[in-house]
Amino acid sequence: GRKATVVLSPYIHQWDLQLHALPLKQAANLFHHHAVGVLAVIGFPLAEPGGRWAWPLRRIRHQYWKLIYADYSTGSARRLGRGGTDATLCHGGDAVSGSRIYNSQVLANLLQNVDAVADAVWLVNLDIEAKQQGANTRTFLCTHMAVPEEDYRRHAEL
């Protein structure tokens, strides 16, 4: 069957399992509602400390020697599906929140080329490897919930 692995960001705050478990499960169930290979990664909007909401969907590009996470002019590169609820709830791009749900096989493939490190660089390295392996075309930010976390890119030197 299709398995999903939940990765929670080290920059999460005020996590409440009772509050967040159901929307997290609903998002994970998307892997079962779509054909194999449609989804690689699901992320979420952020509820940052102080109540600020953020849309962390970004395009990854290299400019000269520097890695850049850039906003999409329309907010996203694509939508999930051809209509229905998922098309309005899920928007595609290269990178999402630090807390994310992976197709377990996709994550296993990424981890073959990403070394474990103790800070935000690990999440950046997962983003870069996902783009190199083509998983970024199957990466979506879904609005099932807002994750209470700080954007991991603030903690990584790009």
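Structure's up top.
Nothing here was measured: the structure is a model prediction, and the numbers come from that model.

Remarks on the pattern of salt bridges
Turning to step 1, where the next piece is worked out: Considering all chains together, one arrives at six salt bridges under this definition.
Turning to step 2, where the next piece is worked out: Notably, a salt bridge pairs R52 with E48, separated by 2.1 Å at the nearest N-O pair.
Turning to step 3, where the next piece is worked out: In this structure R52 comes out as partly exposed when scored by relative accessible area, which is 47%.
Turning to step 4, where the next piece is worked out: Through salt bridges with shared partners, one network takes in E48, R52 and R154.

A short note on the packing of helix α4 (residues 104–111) against helix α5 (residues 121–133)
Turning to step 1, where the next piece is worked out: At their nearest, the axes of α4 and α5 sit 10 Å apart, and the two run at 105° to each other. It follows from the interaxial angle that α4 and α5 lie roughly perpendicular. Here L107, N109, L110 and L111 of α4 come into contact with α5, specifically with W122, L126, E129, A130 and Q133.
Turning to step 2, where the next piece is worked out: Partitioning the contact of α4 with α5 into residue classes produces six nonpolar, two polar and one charged.

Some words on the packing of aromatic side chains
Turning to step 1, where the next piece is worked out: For the structure shown, the criterion picks out one aromatic pair.
Turning to step 2, where the next piece is worked out: Ring centres of Y64 and W65 lie 6.3 Å apart, and the angle between their planes is 40°; this geometry places the pair in the tilted category.
Turning to step 3, where the next piece is worked out: The class of W65 is exposed, set by a relative accessible area of 77%.
Turning to step 4, where the next piece is worked out: One cation-aromatic arrangement involves R78 over F140; the distance from NZ or CZ to the ring centre is 5.4 Å.
Turning to step 5, where the next piece is worked out: Against the face of Y152 rests R153, its NZ or CZ located 5.1 Å from the ring centre.

So, empty space enclosed by the protein
Empty space among the atoms becomes visible once a probe the size of a water molecule is rolled across them.
Turning to step 1, where the next piece is worked out: According to the stated counting rule, one finds two cavities of 30 Å³ or more in the structure shown.
Turning to step 2, where the next piece is worked out: V41, D94, A95, V96, R100, Y102, L126, D127, A130 and T139 together form the lining of the largest cavity.
Turning to step 3, where the next piece is worked out: Elements with a minimum of two residues in the lining of the largest cavity: β9 (100–103) and α5.
Turning to step 4, where the next piece is worked out: At three residues, the largest contribution of residues to the lining of the largest cavity is made by α5.
Turning to step 5, where the next piece is worked out: Lining the second largest cavity are R2, L30, F31, H34, A35, V36, G37, L39 and N103.

What counts, and where the lines are drawn
- Residues numbered from 1 in each chain as written.
- Predicted model: local features only at pLDDT ≥ 70, side-chain atom pairs only at ≥ 80, totals over all residues.
- Heavy atoms only, no water.
- Salt bridge = Lys/Arg side-chain N within 4 Å of Asp/Glu carboxyl O.
- Buried < 20%, exposed > 50% of the residue type's maximum accessible area, 1.4 Å probe, protein only.
- Axes fitted to C-alpha atoms, helices over the stretch in contact; angles between N-to-C directions.
- Helix = DSSP H or I, 4+ residues; strand = E, 2+ residues; numbered from the N terminus.
- Parallel < 35°, antiparallel > 145°, perpendicular 65-115°, else oblique.
- Contact = heavy atoms within 4.5 Å.
- Nonpolar A, V, L, I, M, F, W, Y, C, P; charged D, E, K, R; others polar.
- Phe/Tyr/Trp six-rings, centres within 6.5 Å; stacked < 30°, edge-to-face > 60°.
- Lys NZ or Arg CZ within 6 Å of the ring centre and 35° of its normal.
- 1 Å grid on protein atoms, 1.4 Å probe; cavity = no way out; pocket = protein on both sides within 12 Å on 5 of 7 lines; lining within 4 Å.
- Points joined across faces, edges and corners; volume = space filled by probe spheres on them.

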